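So you can see what is in the structure, the chains are spelled out below.
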Amino acid sequence: MYKDFLKPVTEELQDFAKSCNSFSLGASIKFQEDILEIEENATDKIAIIGVTESRSKQKDLIEDVEFSLIRTQLYELQMGNWTIDLYDFGDINYYDDKHETETVFREVINGLIKDGYIVVILGGSPSLGYQQYRAYDEVINKINYLSIDYKLRLGNDESQTTDQNYLTKIISNEPFNLLDYTNIGFQTYFVAQEKQDLIHQLNFEAIRLGVIAESVKEVEPFSRETNAALINLSSLQGSDFSSTKNMTPNGFTSREICAIARYLGFSNKLTSLYVCDYIENYKKLDHFLVAQMIWYFIDGKNHRPEIKSFDDTQYFDKIFVPTEGYNYIFYRNVYTNQWWIEVDNTIDGERSFEIISCSEKDYEEALKGEIPNRWWKYFKKFY
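Keep in mind the model is a prediction, meaning the values are calculated, not measured.

Draft legend 1. Just the environment of Asn 250, in detail. Here Asn 250 shows up in the loop between β8 (228–232) and α10 (254–266). In this structure, the C-alpha to C-alpha distance between Asn 250 and Asp 197, residues 53 residues apart in sequence, is 23 Å. If near-sequence neighbours (up to four positions away) are discounted, Asn 250 is found in contact with Gln 187, Tyr 189, Leu 209, Leu 236 and Gln 237.

Draft legend 2. The packing of α10 against helix α11 (residues 284–302), seen in detail. One way to put it is that α10 packs onto α11 with a least axis distance of 6 Å and a crossing angle of 30°. Judged by the inter-axis angle, α10 sits roughly parallel to α11. Here α10 and α11 pass one another in a crossing that is right-handed. Facing Ser 254, Ile 257, Cys 258, Ala 261, Arg 262, Leu 264, Gly 265 and Phe 266 of α10, the residues of α11 in contact are Leu 289, Gln 292, Met 293, Tyr 296, Phe 297, Asp 299, Gly 300 and Lys 301.

Draft legend 3. The sheet that holds strand β1 (residues 30–31), seen in detail. The strand order across the open sheet built from nine strands is β1-β3-β2-β4-β9-β8-β5-β6-β7, with neighbouring strands paired in parallel fashion. The strands lining the two open edges of the sheet, one partner per strand, are β1 and β7 (205–208). Across four bridges, the pairing between strand β4 (residues 118–123) and strand β9 (residues 272–276) is parallel. Looking across to β9, one finds that Leu 122 is bridged to Val 275. Relative to strand β2 (residues 45–51), helix α4 (residues 98–114) is tilted by about 175°, and along the sheet it contacts β2, β3 (85–92) and β4.

Draft legend 4. Focus on the environment of Leu 77. Assignment of secondary structure puts Leu 77 in the loop between α3 (68–76) and β3. Put simply, Leu 77 and Asp 64 are 13 residues apart on the chain and 25 Å apart in space, counted from C-alpha to C-alpha.

Draft legend 5. Expanded view of empty space enclosed by the protein. Evaluation of the coordinates by the stated rule reveals one cavity of 30 Å³ or more. If you add up the space inside the largest cavity, you get close to 50 Å³. If you trace the largest cavity, you find it lined by Asn 144, Tyr 145, Leu 146, Asp 180, Tyr 181, Thr 182, Phe 222, Glu 225, Thr 226 and Arg 374. When contributions to the lining of the largest cavity are tallied by element, the ones reaching two or more residues are β5 (143–148) and β6 (178–186).

Draft legend 6. Fine view of the nonpolar core. Ranked by internal contacts, the top residues of the largest apolar core, which has 55 residues, are Ile 257, Leu 264 and Ile 294. Those residues within four positions of Ile 257 in sequence are excluded, and the remaining contacts are Ile 148, Ile 231, Leu 236, Phe 252, Leu 289 and Met 293. Counting 39 residues, the second-largest nonpolar core is a separate cluster that includes Phe 105, Leu 112, Ile 143 and Phe 186.

Draft legend 7. Highlighting the sheet that holds strand β13 (residues 353–358). Spatial ordering of the open sheet is given by β10-β11-β12-β13, a layout of four strands whose pairing is antiparallel. Of all strands in the sheet, those bounded by a partner on one side alone are β10 (316–322) and β13. Ignoring which end each strand starts from, the neighbouring axes of this sheet average 30° apart.

Draft legend 8. Expanded view of α11. For α11, which comprises 19 residues, the first-to-last C-alpha distance of 27 Å matches the rise-based estimate of 27 Å (1.5 Å per residue) to within 8%. For α11, a buried count of 14 out of 19 residues is recorded, marking the element as mostly surrounded by other parts of the structure.

Draft legend 9. Quick peek at unusual backbone geometry. At the junction of Glu 174 and Pro 175, the peptide bond is cis and its omega measures out at -5° in the coordinates. Take Pro 175: it is sitting in the loop between α6 (166–172) and β6. The backbone of Tyr 282 sits at a positive phi, close to 60°, despite the residue not being glycine. Here Tyr 282 shows up in the loop between β9 and α11. Residue Tyr 282 is classed as exposed on the basis of its relative accessible area, which comes to 58%. Unlike most non-glycine residues, Asn 337 shows phi in positive territory, near 60°. Residue position: Asn 337 is located in the loop between β11 (327–333) and β12 (339–344). According to the relative accessible area criterion, Asn 337 is partly exposed, its value standing at 37%.

Draft legend 10. Region of the structure containing the layout of surface pockets. Taken as a whole, the largest pocket holds about 610 Å³ of empty space. Taken together, the elements giving at least two residues each to the lining of the largest pocket come down to β6, β13 and α13 (373–382). For the lining of the largest pocket, the per-class residue count stands at ten nonpolar, seven polar and twelve charged. By volume, the second largest pocket amounts to about 430 Å³. Considering the residues around the second largest pocket, the lining is formed by 21 residues, among which Glu 205, Ala 206, Ile 207, Phe 222 and Asn 373 are closest to the centre. Ranked by residues supplied to the lining of the second largest pocket, first place goes to α13 with five residues. Tallied by class, the residues present in the lining of the second largest pocket amount to nine nonpolar, four polar and eight charged.

Reading the values: rules and limits
- Residues numbered from 1 in each chain as written.
- Predicted model: local features only at pLDDT ≥ 70, side-chain atom pairs only at ≥ 80, totals over all residues.
- Heavy atoms only, no water.
- Helix = DSSP H or I, 4+ residues; strand = E, 2+ residues; numbered from the N terminus.
- Contact = heavy atoms within 4.5 Å.
- Axes fitted to C-alpha atoms, helices over the stretch in contact; angles between N-to-C directions.
- Parallel < 35°, antiparallel > 145°, perpendicular 65-115°, else oblique.
- Left-handed = near helix turned anticlockwise from the far one by under 90°.
- Pairing = 2+ DSSP bridges.
- 1 Å grid on protein atoms, 1.4 Å probe; cavity = no way out; pocket = protein on both sides within 12 Å on 5 of 7 lines; lining within 4 Å.
- Points joined across faces, edges and corners; volume = space filled by probe spheres on them.
- Core = buried A, V, L, I, M, F, W, Y, C linked by side-chain atoms within 4.5 Å.
- Buried < 20%, exposed > 50% of the residue type's maximum accessible area, 1.4 Å probe, protein only.
- Expected span 1.5 Å × (residues − 1).
- Nonpolar A, V, L, I, M, F, W, Y, C, P; charged D, E, K, R; others polar.

Keep in mind these values describe shape, not function.
The structure is reproduced here in structure tokens:
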């Protein structure tokens, strides 16, 4: 049973949670000891776990990764108008053999997802992003994966999975389940042009930090289709966050990363979020920020839009944009202003189509007679 690999939250932390005021997360969150009281058939439930593995490679030194201070700050935050049940199942401790940690990590994430949990993972090593992805092998056939990172982790495909090559592993290792990949916030001076070209050739997306800094709303159409996401804490600017192994002077601000976390929570498809590259520096503001990121993600999940039929005219406008080369069909949610575009997959006269998320920019491009970027990217994957 995967829960056997999880070390429960300490009694001291559980007592602290219960001592928080009745409107706080701590007052309502459940722990492993409450497992017999959990309604296993509940459809909306979020599980928080930690993983203390910090090594990129087997030979690396183990760093101090511990989440009690983050949990303390999180438990004290006040609940919103929420209906989703919250659980904190404790931590996966690292093993002497890093490969064993990876195997256990993958099994725990897989088990939680199969049991219907949306999983929030606090962690050390970004290399475990590959195991997060592989946890979906028996869950869904085609995966949309998204990372918030200042680099594209396309290192050499060596036998070990490291912080620098986990994206290479995701792309190149069987089973080939990756349908789409998006990187948000890469910084051009850290990414060789060859890696940018490769992402483009694979019809994936890599969006520069500056583009998101101009409008953080650009994240939403990509996060809407995402099944699993990773936030590398080194993607934050060093003046806002320093409890990470790889600080940089530029990066997302604390407000931007909380907005991104909320957009990820808005996704009806996302079932795991891995917040990684955390090292305990005993800085209270850093603990606060990670706790608030988790709060915003939970808030997004509690307020995510209902799934409605595109044929329901009460919720959706259907907009036709005829151009010289193609007649585009867009859908706009009149309540959330979210946009989708229809992609025709008709083969040998047999009508078939997909409706994929896009942004208002794609609609504006079509009005100008240009090919919408999201439509073109998706179309090229199959033709």
